[in-house]
Amino acid sequence: KPSNMPPGPTEIPILGGMPVLDEKQAHPLREKYGDIVTVRTGAIRTVILFDYKTSKEVMARADMAGRPDIFKAFSIDEQKTGGIALSEGPQWQHDRRFMLRNLRNLGMGKTYLEDAVHVEAEALVEDLKKYDQQPIAYPDSFRTAALNIIWQMTASRRYDLRSEEVKLIYEASKDLQSSSMALTMMPFFFPFLRKLPNILQKIFFKQNLVDAFIEKMRATITKTVDEHEEQLDLDNPRDLIDEYLKEMKEQEHDKETLYRKGALLQIVNDLFDAGSDTINTTIKWVVYVLARYPQVTKKIQHEIDEVVPRDRMVSLQDKPNLPYVEAFITEILRFSSLTGLNVEHTAMQDTTIEGYFIPKGTVVVNSNYAIHFDPQYWDQPHNFSPERFIDEDGKFQAPKEGFFAFSSGRRQCPAETLARMEVFLFATAIIQNLEILVPDGVQLSDDTHNLLGIRVPVSDTFIYKPRS
Ligand code: HEM
């Protein structure tokens, strides 16, 4: 280990130590080694940050804006450099700028997008009513309702909330989620394992699930992009895919252009995944919290009922009159800490963190969970309490420090505005129209699973009863 790297467990030659894949595995390291820790697994060294101020500064930095090589394995771009979430360097900057510009042009932050979210929120409530108060696990309709928003902006399409087609797409990611992540990741931590015959990699390290996931996504997205190419009208681009194809066409003679089909496939893949599973999981948290904290639920129902008549949906314009709802959503974002460990960055060059040496290529990640449950910033952090965001005058007060749900700087979530709007409208539609009940004989658990880096409540079975 290079000298003056942050402290951490003794490294066993070749093996290093166990991979740290979630915030629960990371936590004991903080107790033992402090707020900045180095761990090594196989060929990869990871520095984990636990403190808010250091995380905010480091994750925002240009020299920390890389992504680990292992992310490339999940790219559907054959060149493996395209798209936003998994890539780095000039193509990442280019694709991120393209996406931000187009999400804004397509309505992010504008009120007309609200109508589209209202349609999905209403459809979701109706779908939940159709289960006739039977206990059900979180349904796929949470994810499809969220997907429909981004999919309309990207591909001008929405799916029926019980669509079989979309179910098949989710299956591939569910198979991957249910596999042991540590096992799937082994060939990436230990490059020599990648030299094993494919069949062994498939059997021992479940690489067939990774392959199946990539193939399913590539096939689905290629089909959508091909249809757009056939129908393209350069004077009337309909959506983000059309806009990209138009740029591609206009720059087709430019040898240096970064507009290319592989990159488009991966941009669309990023939007499909990041745009649907994040909101899907946040809705799961909303449902779990409503069932788990009945006092909070009563208070929030009361506030909404006072401001918005039952026969009209809550609108963004109601926000100033709904301080408790805003506080509730902010508390959901803190308490859920969706990315318990943030998405990993890498050092683009040799650099330092708080005086420690960080060699080029080191993976750097921070624990959003540690920040969101740090008693230095949060009084009784394990209590779910929207009240912490309400000031003496009863107004909503946004958190100033210790809040890191969307990360910071160059890599920060480019869709925060859209995400907040969706969570507000989906959550209020559910609260306004449904009671969430715990089925008889079911004991709620406060524990969480980690599904491909996302924290999901273990308690998943509820009854959705129309409010009287
Ligand atoms: C509650 C919902 C959401 C949360 C908490 C969230 C949080 C995050 C976080 C923590 C990151 C990683 C930042 C980093 O690497 O430092 C991220 C990245 C990203 N998010 Fe979100 N996100 C949410 C919703 C969305 C939605 C709805 C979309 C798309 C429509 C989206 C698109 C992306 C993309 C493309 C990236 C990669 C950015 C990059 O690597 O440059 N996210 N998000």
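See the structure above.
Just so you know, these numbers come straight off a predicted model, no measurement behind them. Sequence positions are assigned chain by chain, starting from 1 and proceeding in written order. Totals for whole chains, interfaces and linings use all residues, but because this is a predicted model, local features are given only for residues with pLDDT of at least 70 and pairs of side-chain atoms are given and counted only at 80 or more. Each side-chain value is worked out from all heavy atoms of the structure, with water and hydrogens disregarded.

## A closer look at the overall build of the protein chain
Defined as follows: Labels follow the DSSP assignment, with helices taken as runs of H or I lasting at least four residues and strands as runs of E lasting at least two, numbered in each case from the N terminus. Any residue under 20% of the maximum accessible area for its type is buried, any over 50% is exposed, and the rest in between are partly exposed; the area is computed with a 1.4 Å probe on protein chains only. Contacts are assigned to residue pairs that have any heavy atoms within 4.5 Å of one another. By the counting scheme adopted, Arg and Lys are positive, Glu and Asp are negative, and His together with the chain ends is not counted. The location of each charge is read from NZ of Lys, CZ of Arg, CG of Asp or CD of Glu.
When helices and strands are tallied, the protein chain shows 15 helices and 11 strands. When its C-alpha atoms are laid out on the principal axes, the protein chain stretches across 65 × 60 × 40 Å. Within the span of the protein chain, comprising 468 residues, buried residues form 54% of the whole. Contacts in the protein chain between residues at least 24 apart in sequence constitute 72% of all its contacts with a sequence separation of at least 6. Charge centroids of the protein chain, computed over 56 positive and 69 negative side chains, lie 4 Å from each other.

## Quick look at the site of the ligand
For the record, the criterion: We call a residue near a given molecule or strand whenever any one of its heavy atoms falls within 4 Å of it. N or O atoms within 3.5 Å of each other form a polar contact, as long as, within protein, one can give a hydrogen and the other can take it, and as long as residues adjacent in sequence are counted only when both atoms are side-chain atoms. Nonpolar residues are Ala, Val, Leu, Ile, Met, Phe, Trp, Tyr, Cys and Pro. Charged residues are Asp, Glu, Lys and Arg, and all others, Gly as well, are polar.
Around the ligand, 27 residues are found, and the nearest of them are Arg 96, His 345, Ser 407, Arg 411 and Cys 413. Separating an oxygen atom of the ligand from a side-chain N or O atom of His 345 is a distance of 2.7 Å. The set of elements that each furnish at least two residues to the shell around the ligand consists of α3 (89-105), α11 (261-292) and α15 (416-433). The dominant element in the shell around the ligand, judged by the number of residues it contributes, is α11, at 5 residues. Partitioning the shell around the ligand into residue classes produces 17 nonpolar, 7 polar and 3 charged.

## Some remarks on the pairing of strand β11 (residues 461-466)
Formally: Strands are labelled as partners when DSSP assigns at least two bridges between them.
Pairing of strand β3 (residues 136-137) with β11 involves 2 bridges; the strand directions are antiparallel. What sits directly across from Ala 137, in β11, is Thr 461. Note: strand β8 (residues 434-437) against β11, 4 bridges, orientation antiparallel. Residue pairing for β11: Ile 436 is matched across the bridge by Tyr 464.

## Observations concerning the coordination of the iron atom of the ligand
Applicable threshold: Note on donors: an N, O or S atom is included if it sits within 2.8 Å of the metal, or within 3.2 Å for Na, K and Ca, and water is never included, so sites can look incomplete.
Among protein residues, the single donor to the iron atom of the ligand is Cys 413 (SG), with a metal-donor distance of 2.4 Å. Tracing the sequence through the fold places Cys 413 in the loop between α14 (368-372) and α15.

## Re α15
The periodicity of an α-helix, 3.6 residues per turn, causes residues three or four positions apart to be oriented the same way. For clarity, the threshold we go by: Between the first and last residue of a helix there are one fewer steps than residues, each counted as 1.5 Å, and that sum is the expected span.
Spanning 18 residues, α15 covers 26 Å between terminal C-alpha atoms, matching the ideal 26 Å at 1.5 Å per step. Burial of α15 is extensive: 14 of the 18 residues sit out of reach of the surface.

## Section: the sheet that holds β8
Strand pairing in a sheet relies on backbone hydrogen bonds, with the paired strands running either antiparallel or parallel. As a reminder of what qualifies: Helix axes are fitted to C-alpha atoms over the stretch in contact, other axes to C-alpha atoms as well, and angles between N-to-C directions run from 0 to 180 degrees.
In space, the 3 strands of this open sheet follow the order β3-β11-β8, with antiparallel pairing throughout. Two strands in the sheet have a free side with no partner beyond their single neighbour: β3 and β8. Where α11 meets the sheet, it contacts β8 and β11, and its direction lies at approximately 80° from that of β11.

## Looking at the environment of Gln 93
Position of Gln 93 relative to the elements: it lies in helix α3. According to the relative accessible area criterion, Gln 93 is partly exposed, its value standing at 37%. In sequence terms Gln 93 and Met 153 are 60 residues apart; their C-alpha atoms lie 21 Å from each other.

## Considering the pairing of strand β9 (residues 448-451)
Bridging between β9 and strand β10 (residues 454-457) involves 4 bridges; their strand directions are antiparallel. Residue pairing in the sheet places Asn 450 in a bridge with Arg 455 of β10. Joining the antiparallel neighbours β9 and β10 is a turn of 2 residues, in which Leu 452 adopts a positive phi near 45°.

## Description of the sheet that holds strand β4 (residues 345-346)
An order of β1-β2-β7-β4 is seen for the 4 strands of this open sheet, with the pairing classed as mixed. Each edge of the sheet is formed by a strand with only one pairing partner; in this case those strands are β1 (36-41) and β4. The pairing of β1 with strand β2 (residues 44-49) spans 6 bridges and is antiparallel. Residue Arg 40 lies in a different strand from β2, and its bridge partner there is Arg 45. Here helix α1 (residues 23-33) sits on the sheet in contact with β1 and β2, set at roughly 125° to β1. Together, β1, β2, β4 and β7 (363-366) form the strand contacts of helix α2 (residues 52-59), whose direction differs from that of β7 by roughly 135°.

## Thoughts on the packing of aromatic side chains
Rule in force here: Pairing of aromatic side chains requires ring centres within 6.5 Å, counting the rings of Phe and Tyr and the six-membered ring of Trp. Pairs whose planes differ by under 30 degrees are stacked, by over 60 edge-to-face, and all others tilted. Distance and angle both matter: a charge sits over a ring if NZ of Lys or CZ of Arg is within 6 Å of the ring centre and within 35 degrees of the ring normal.
Under the criterion given, the structure shown has 18 aromatic pairs. Ring centres of Tyr 138 and Phe 142 lie 6.1 Å apart, and the angle between their planes is 45°; on these two criteria the pair is classed as tilted. Looking at Tyr 138, the relative accessible area reads 13%, which means it is buried. Considering the side-chain rings of Tyr 293 and Phe 384, the 5.5 Å spacing of their centres and the 25° angle between planes classify their relative orientation as stacked. Placement of the pair is Tyr 293 in the loop between α11 and α12 (294-307) and Phe 384 in the loop between α14 and α15, with a sequence separation of 91 residues. Across the pair, Phe 384 and Tyr 293 agree in class, each one buried. In this structure an aromatic cluster arises from ring pairing among Trp 285, Tyr 288, Tyr 293, Phe 328, Phe 335, Tyr 369, Phe 373 and Phe 384. Across from the ring centre of Trp 378, 5.4 Å away, lies the NZ or CZ of Arg 334, which sits over that ring.

## So, a nonpolar patch on the surface
Formally: Candidates for patches are residues over 30% relative accessible area with no salt bridge; among them, like charges are joined within 9 Å and nonpolar side chains (Val, Leu, Ile, Met, Phe, Trp, Tyr) within 5 Å. Note on areas: these come from Shrake-Rupley sampling with a 1.4 Å probe, and a residue is covered only by the protein chains present in the view. The salt bridge definition used is simple: a Lys or Arg side-chain nitrogen within 4 Å of an Asp or Glu carboxyl oxygen.
Taken together, the side chains of Ile 12, Ile 14, Leu 15 and Phe 192 present a nonpolar region at the surface, about 430 Å² in accessible area. Locating Phe 192 in the fold gives a position in the loop between α7 (181-189) and α8 (198-205).

## Here we look at unusual backbone geometry
Not every positive phi belongs to a glycine, and Gln 133 is a case in point at roughly 60°. Relative to the elements of secondary structure, Gln 133 occurs in the loop between α4 (112-129) and β3. Given a relative accessible area of 38%, Gln 133 falls into the partly exposed group. Non-glycine residue Ser 337 carries a positive phi angle of around 35°.

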